[in-house]
Amino acid sequence: MIEYLTKQKGNDHAITNLPGLGKRRKGRSGSQGRIEKARDAICRYLNRRFGAPSSDLQRVVQKISDQETLDNLMEELFALNTLDEARKIVRASS
């Protein structure tokens, strides 16, 4: 799993470093690489938009393995306004 949690403001945690963005990992198929890039992009967006409170959603996103689901999720997330809306969308997709 490509997930690095860092401590921020007391006990809050956020995913702040997702290595390998844009790089194909050795031994991975092209479709697996696209899935990982989509996961990483969604997690970076959630972290940038909502910070530490979105770390639970980022963990859920890292478990999604269907490219179409990730693509749809990304489109839906860009249109939302609140973290609660994001939670509903991510949970419905997983």
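Our subject is the structure listed above.
As a starting point, this report considers the structure included with it.

The rules behind the values
- Every chain begins its residue count from 1, and numbering advances along the sequence as written.
- Local features are withheld for residues below a pLDDT of 70 in this predicted model, meaning they are given only at 70 or higher, and side-chain atom pairs are given and counted only at 80 or more; totals for whole chains, interfaces and linings count all residues.
- To get the side-chain values, take all heavy atoms of the structure and skip hydrogens and water.
- Only C-alpha atoms enter the line fits that serve as axes; for helices the fit covers just the stretch in contact. Angles between N-to-C directions range over 0 to 180 degrees.
- Secondary structure counts use DSSP, requiring at least four H or I residues in a row for a helix and at least two E residues in a row for a strand, with both numbered from the N terminus.
- Here the word oblique covers every angle except those under 35 degrees (roughly parallel), over 145 (roughly antiparallel) and from 65 to 115 (roughly perpendicular).
- In this scheme the crossing of two helices becomes right-handed for a clockwise turn of the near helix relative to the far one and left-handed for an anticlockwise turn of less than a right angle.
- In what follows, residue pairs with any heavy atoms lying within 4.5 Å of each other are defined as contacts.
- Basically, the charged four are Asp, Glu, Lys and Arg, the nonpolar ten are Ala, Val, Leu, Ile, Met, Phe, Trp, Tyr, Cys and Pro, and anything else, Gly included, counts as polar.
- Residue types Ala, Val, Leu, Ile, Met, Phe, Trp, Tyr and Cys, when buried and joined through side-chain atoms within 4.5 Å, form a set referred to as a nonpolar core.
- Per-residue accessibility, obtained with a 1.4 Å probe over protein chains only, is compared with the maximum for each type, and a residue is labelled buried under 20%, exposed over 50%, and partly exposed between these values.

A short note on the packing of helix α1 (residues 30-50) against helix α3 (residues 67-78)
Right, so step 1: Where α1 meets α3, the axes come as close as 10 Å, and the angle between the chain directions of the two elements is 20°. With respect to each other, α1 and α3 are oriented roughly parallel. The interaxial crossing formed by α1 with α3 has left-handed handedness. Taking contact as the criterion, the partners of Ser 31, Arg 34, Ile 35, Ala 38, Arg 39, Ala 41, Ile 42, Tyr 45 and Leu 46 in α1 are, on α3, Gln 67, Leu 70, Leu 73, Met 74, Leu 77 and Phe 78.
Right, so step 2: Of the residues in the contact of α1 with α3, the class split is 11 nonpolar, 2 polar and 2 charged.

Brief notes about the nonpolar core
Right, so step 1: Ile 42, Leu 46, Val 61, Leu 70, Leu 73, Leu 77 and Ala 86 are the most contacted members of the largest nonpolar core, which has 18 residues in total.
Right, so step 2: Elements supplying a minimum of two residues to this core: α1, α2 (55-61), α3 and α4 (83-93).
Right, so step 3: A total of 7 residues in this core trace back to one element, the largest contributor, which is α1.
Right, so step 4: If we skip the residues at most four places from it in the chain, Ala 86 touches Leu 46, Phe 50, Leu 57, Leu 77 and Leu 80.

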